[in-house]
Amino acid sequence: MASVFVLPFVLGAFIARALRLEDLSTRISVVLFSIFASLAPFIFVMSQGHSWKSAIPLGIDLAGGTNLVYAIDSLAAEQQQKKEPGQSIPVAVIDKMVAAIAKRINPSGAEEVTVRRVGNDRIEIIIPGADPDLVEQKKRLITKLGSLEFGIVANDKDHQSTIEKAMRLSPTVNELRSGDRVIASWRDNAKDSVDQSDRQAVRQVQRTDPVTGETVDVYQYLIIHNLPEYTVTGKYLTHAAPGTDQSGGPAVNFRFNARGAALFGTLTQNNLPDTTEQFHRHLAILLDGKVYSAPRINSRISDSGTIEGNFKMEEVEELVGVLNAGALEVPLKQTPISEFTISPLLGVDVQEKGIVAILASSIIVFAFVIIYYRTAGVIAALSLVLNLLLVVGAMAFISATFTLPGLAGLVLTIGMAVDSNVLVYERMREEFARGASFRMAIQNGFDKALAAIVDSNVTSLIIAVILYLIGTDLIRGFAVSLFIGLSMSLFSVLYFGHLAFDILERKRWVKKLTMMQFIGETKIDFLKSQGWAFALSGAVILAGFAALFARGAGNMDIDMSGGTMATLEFVNKQTIDDIRSRLEQAFPNGVSIERLTVGGEDQKAGTRYRIRTSEIDRQKVIAAINTAFADSEHAVVRVGIDDIAMSQLGELKDDSARFSGGSEAKVKLNGGISAETFLAYVSDSLENNPTSSTKYSSGSSLLQVKGVTEVPKASDAPVDPKIRIPTKYSELIVQATPEVTSQDLESSLKLVQERLSTEPLLDEVNSFDTSVANETKWSAFYAVVASLIMIIVYMWFRFEKVYYGIAAVSALAHDVLVTLGAIALGAYLSKTPIGPLLMLEDFKINMNQIACLLTIVGYSLNDTIVIFDRIREIKGKNPNITYNMINLAVNQTLSRTLLTAFTTFLVVVVLYIAGGEGIHGFAFSMLIGVITGCYSTVYIANPVLLWLVNREAAAKSVPQRAGVKLGKTGVA
C-alpha cells in the first residue's frame, strides 16, 4: 500500500529536485502515482504466485465458457400463487431462485460462477472456462431437481435388531439388504461431528483423503429406508425459508406439494415423540446421499412444517440453501432462451489473435507518429503506452471483464487517442508558423486544442454510457474499455504530454520541434462540390438499401432474429463451398457459414466452420447436421464409445465402499470427455431407461465415474487459475451401487453410446429465442436514437445553436446508412471471386455491429466537432456564419482530419486482418465507417450547417427576402 501511495510522491520529489524543476514535483508525482496504481493489481497477483495475466478477468468469449439465460415459467408461478395475474414475479422470489440455482451448480462456492436476475422473469448463469460438454451437465442441474431425500435415523428403541445387523457390516459395506431391497444404509454426515443424543445409530469409519492422502475419520448415520414409492424426496418440496421455533429461536420452515404432504405426513406421524419416555425420533435430510441435518420430529408434518434443532442462524441459512437446492420457488422453462457457449480452445485462439492485433496496431501507430512528428511523436508514443497501461490497470483494479469487443475497444482507443495528440501538434505547427516561441507554442497548442479534445471525448463517452446501459455482457465489456480508454487518453495527452513538453523546453533539451507535413496550406472550395457529393451519397445509400431490402431477414444475426449458431469440427479438411451446398439442402429456411482458422491453419480449406440458422430447436439443428454430413468423407468430430466391458465388484474400501458388490464397466472412447459429463450422461440414461427392471429416481447418487487414461490438455489452455478446465479422458470406469443391476447399467451405457454416436461435438453454441431477439433489436434501435438525441442536446449546449447538432447528426445518419448498406453488399460479394481477396464474409447485423455503428458515430463526430470548433473560433463575435468561414475552417483542419483518419485506418486494417473471426465483421464496418466518417465530415455536415444557417437567416428576414438561395457569399 505504501509503495503505491507514498513511493511515487517521494520518487517524484527526488526526480524534480534532480532536474532542478521543484515546481513540477507534484505533476511528476501524479504521473508516477498513476503508473504505480496501474501496476499494483499485477504485482499483487504475482506476489500470490500467479501469472500477471490472472489479474485480468476474461470474458467467456476469450476464456471459453457459457452464458445461459432461462425464463421463469410465469403460468406456473400464477398457479402456485407466487405472482398475481398480469403482474411481475416478485423480486424476492427470483432472488431465492438465484440462490438455489447457485447452490446447485456451485455447491462448494469455489468456482467462478455467476448467477443473477435479469429483468422481471429471467435468470442468467455465466460459467467461465467450462467445456461445452460440461455445460450440458450444468444445464441439467439448473432445471432438474437435486437428489434430496428425507429419511428416519435408526434408533435403538425402534430398530435395535436392524442396528445390530448393520453394526456387524464391514466398514467398507454401507447397505443392509433384505432380498433385493435395501432396508437401511450407512450415510456419511456432511459435518465433522454428529448428534448422538436420543440413542441414534452412529458409526465412525476411516477414509483416505483423496487430496492429502491422509487417513481421516468420517461419521455415518444409519438411515431406515421406506419402499421407493413411499420415499419422500426433493421432487415434492416447493419451498423452504428461515423461520423461528416456539421459543423464538432460528428454525426452518418448508412446504410440500399435495403428494409430498401425504407422504411426509405418514412418515412423521409414524415417528412422533414418545411422551412417556420423553424420547424423540430424528428426521434425516440427505442431499446427494449425505446427511446434512438430523433434527427432532416434534409433531406430524404434512404440507408445511418447521424443522427445529437449536440451530444457529448460519446453520438455518445453510439448511435452507440445501433444501432449496432440491426445489425452485417457481419452475424454469427447460430450454434456455439464450445460450452462448465457446470452448476454451477457441477462446484462447480468439484471445491470442486479439493480442496480436493490439501489438501490431500499436507498433504501426507508434512508428508512424514517431516518423511524422519526430520528437513530439516520441512523446505521443509514450502517451499511448501510458494510456494502454492505465486502461488495462484500471480494468484489472475494478475487476472489469475483458471481452472480445472489449479488446476491439482497446485497439480503437489506440487509434482515436492519436487524434488528441494530432490536434495539439497541428495547433503547435500553426503557432510556430506565426513565429511564436517554443514555450508559447506549447502553451497555445494545448490551450487551443483543449475545447475540441474535450468536446469530442465527451460525446464519445456519452455513447459508451448508452452502450453500457443497453448492451449484453460482451458489449458492456466494449463500453467499459472504450469509456476508460477515452478518459485515460485525456490524462495521458493533456497532463502527461504537457508535462513532458514543459520538461523538454525548460531543460533546453529541445529548442525547436521539427515535423513532417504531407499537406501544407490549402485553399480548396469544398462547398462547391456539395451537389455531386450529395448525389454520390444518395446513390451509395440507395444501392445499400436495395441490398438490404433484397436480403431481407438474412440481414439480421441470430441475436436479432432468433436462431442458433454452432461451430463444427470435421475429421478431414473441407472446402467452404462444399459445406455450404450441403447445409443449404439440410436447412431449407436458410443457413450461413463462415470458416474459422485456429493456430494459423490454411485459409483455403479447414476443419472448423461456424453455421447460423433461424432454427431455434437445438435437437433439430443437430438432426440437420447429421443429415448433411452422414457420409464418411464429411465426418463430423464426435466422441463415441468404442467398447464397454462389464464386471462385478467385490469388496471395496475407502470412498468407494458403498459400491461393494455392485457392478463396474470399463468404457473406451475414441475421443476425450470429462468424468463429470459422462456421469451426467449415464445418470440421465439410467433414470430414463425404458428397459430398466427398476425405476431409478437419482442416478447420480448411485453411480460414480473415474478417469483412467487422460487426454493431454492443449498447450495453449487458459492460464487464469480461477478458470476450471475439466480433465478429459479416453478411458473411464463407471461403478454402480448394488441397487443398480448389472443389466440396467449395461443397457444404460448402450443408450449413451447410441446418443453420442448421433451428437456432434459443438465447440461453440449461441442460441436466441425470438422474444429475446426482438428485445435485442429494439434495444439496439433505442440505443442509436438515444445517442443521436444526446449528441444534438450536447452540441446545442456547447455551441449555443441547435443547428450545429442537427448538421452533425445528418452526417452521422449518413455514416450509419452507408455502413448498414455496406454490410449487405459485403455479404453478397463474399460469395463471388472477389470475396476471398477482400476477406469478405456473410456479414450480419448484430449487437457487435450496433456497438460498431455507435463507435463510428463517435469517431465521425470527433471530426465534425473539430471543424465546428474552428468555425466558432474563426467566427469570433460575428453572429453570422458564412460560406467562406466554413471553407476556411475545413482547410485549416484538413491536415488533422486526414492524419487522424489515416492512423485510425491503419489500426482498423490490422484489426480486420489479424483480429480473428470474432471481430471480423466489427472491423469491416469500422473500415467503412472511418472512410465515410472522414468524407461526411467535410461533404455532408458542413453543407447542411450552411443550409440551416441560411434558412434561419431567411426566416428572420423581411418577407421579400424569404426566397434567398444558398450561395458562395453566404448570409451577411
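Everything below is about the structure printed above this text.
Residues numbered from 1 in each chain as written. Predicted model: local features only at pLDDT ≥ 70, side-chain atom pairs only at ≥ 80, totals over all residues. Heavy atoms only, no water.

### Here we look at the overall build of the chain
Of regular secondary structure, the chain possesses 27 helices and 23 strands. Classification of the 972 residues of the chain by burial places 56% in the buried group. (Helix = DSSP H or I, 4+ residues; strand = E, 2+ residues; numbered from the N terminus. Buried < 20%, exposed > 50% of the residue type's maximum accessible area, 1.4 Å probe, protein only.)

### Let's talk about the packing of helix α25 (residues 847-875) against helix α26 (residues 883-914)
One way to put it is that α25 packs onto α26 with a least axis distance of 9 Å and a crossing angle of 150 degrees. With respect to α26, the axis of α25 lies roughly antiparallel. Between α25 and α26 lies a crossing of right-handed hand. Here Y859, N862, D863, V866, I867, R870, I871, I874 and K875 of α25 lie close against α26, whose contacting residues are M885, I886, L888, A889, V890, Q892, T893, R896, T897, T900, A901 and T904. Residues belonging to the contact of α25 with α26 are distributed by class as follows: eleven nonpolar, six polar and four charged. (Axes fitted to C-alpha atoms, helices over the stretch in contact; angles between N-to-C directions. Parallel < 35°, antiparallel > 145°, perpendicular 65-115°, else oblique. Left-handed = near helix turned anticlockwise from the far one by under 90°. Contact = heavy atoms within 4.5 Å. Nonpolar A, V, L, I, M, F, W, Y, C, P; charged D, E, K, R; others polar.)

### Re a nonpolar patch on the surface
Residues W778, F781, Y782, V785, I789 and V793 make up a contiguous nonpolar surface patch of about 610 Å² in total accessible area. Tracing the chain through its elements places W778 in helix α22 (residues 770-799). (Patch = residues over 30% accessible without salt bridge, like charges linked within 9 Å, V, L, I, M, F, W, Y side chains within 5 Å. Areas by Shrake-Rupley, 256 points an atom, 1.4 Å probe, with all protein chains shown as cover. Salt bridge = Lys/Arg side-chain N within 4 Å of Asp/Glu carboxyl O.)

### A look at the nonpolar core
Judged by nonpolar contacts, the single largest core of 143 residues is most densely connected at Y425, M795 and F868. Element by element, the count of residues in this core is highest for helix α27 (residues 920-956), at 17 residues. Counting residues in each nonpolar core, the second largest holds 25 residues, with V667, I673, V705 and L749 among its members. (Core = buried A, V, L, I, M, F, W, Y, C linked by side-chain atoms within 4.5 Å.)

### Notes on the packing of aromatic side chains
Inspection of the entire model under this criterion finds 24 aromatic pairs. Consider the rings of F150 and F256, whose centres lie 5.6 Å apart with planes at 70 degrees: the pair is edge-to-face. Taken together, the positions of F150 in strand β4 (residues 148-153) and F256 in strand β11 (residues 250-256) put the pair 106 residues apart, joining distant regions of the chain. When sorted by exposure, F150 lands in the same class as F256, which is buried. Measuring from ring centre to ring centre gives 5.8 Å for Y425 and F501, while their planes differ by 75 degrees; the resulting arrangement is edge-to-face. (Phe/Tyr/Trp six-rings, centres within 6.5 Å; stacked < 30°, edge-to-face > 60°.)

### Let's talk about the pattern of salt bridges
One pass over the full model with this rule turns up 32 salt bridges. Linking E430 and R870 is a salt bridge whose minimum nitrogen-to-oxygen distance equals 3.2 Å. Of this pair, E430 sits in helix α13 (residues 404-433) while R870 sits in helix α25, and the two are 440 residues apart along the sequence. No difference in accessibility class separates E430 from R870, as the two residues are buried. The residue R582 makes a salt bridge to D578 at a minimum N-O spacing of 3.6 Å. With R582 and D578 both in helix α18 (residues 576-586) and four residues apart, the pair spans about one turn of that helix. With a relative accessible area of 26%, R582 lands in the partly exposed category.

### A short note on helix α20 (residues 675-687)
Note on helix geometry: an α-helix contains 3.6 residues per turn, so any two residues three or four positions apart are oriented the same way. Relative to the 18 Å expected for 13 residues at 1.5 Å per residue, α20 spans 18 Å between its end C-alpha atoms, a close match to the ideal helical length. In terms of burial, α20 is a largely internal element, ten of the 13 residues being buried. Those residues of α20 lying buried are A675, T677, F678, A680, Y681, V682, S683, S685, L686 and E687. (Expected span 1.5 Å × (residues − 1).)

### Some words on the sheet that holds strand β21 (residues 703-711)
Ordered in space as β19-β20-β22-β21, the four strands form an open sheet in which the pairing is antiparallel. The open sheet has two free edges, formed respectively by β19 (641-648) and β21, since each of these has just one partner strand. Strand-to-strand twist across the sheet, computed as the mean angle between neighbouring axes with direction ignored, equals 20 degrees. With eight bridges connecting them, β21 and strand β22 (residues 728-736) associate as antiparallel partners. The partner of Q704 across the bridge, within β22, is Q735. Contacts from α20 reach β19, β20 (663-674), β21 and β22, with the element oriented near 125 degrees to β20. Sheet strands touched by helix α21 (residues 742-758): β19, β20, β21 and β22. Its angle to β19, the strand with the most contacts, is close to 170 degrees. (Pairing = 2+ DSSP bridges.)

Read these as geometric descriptors, not functional statements.
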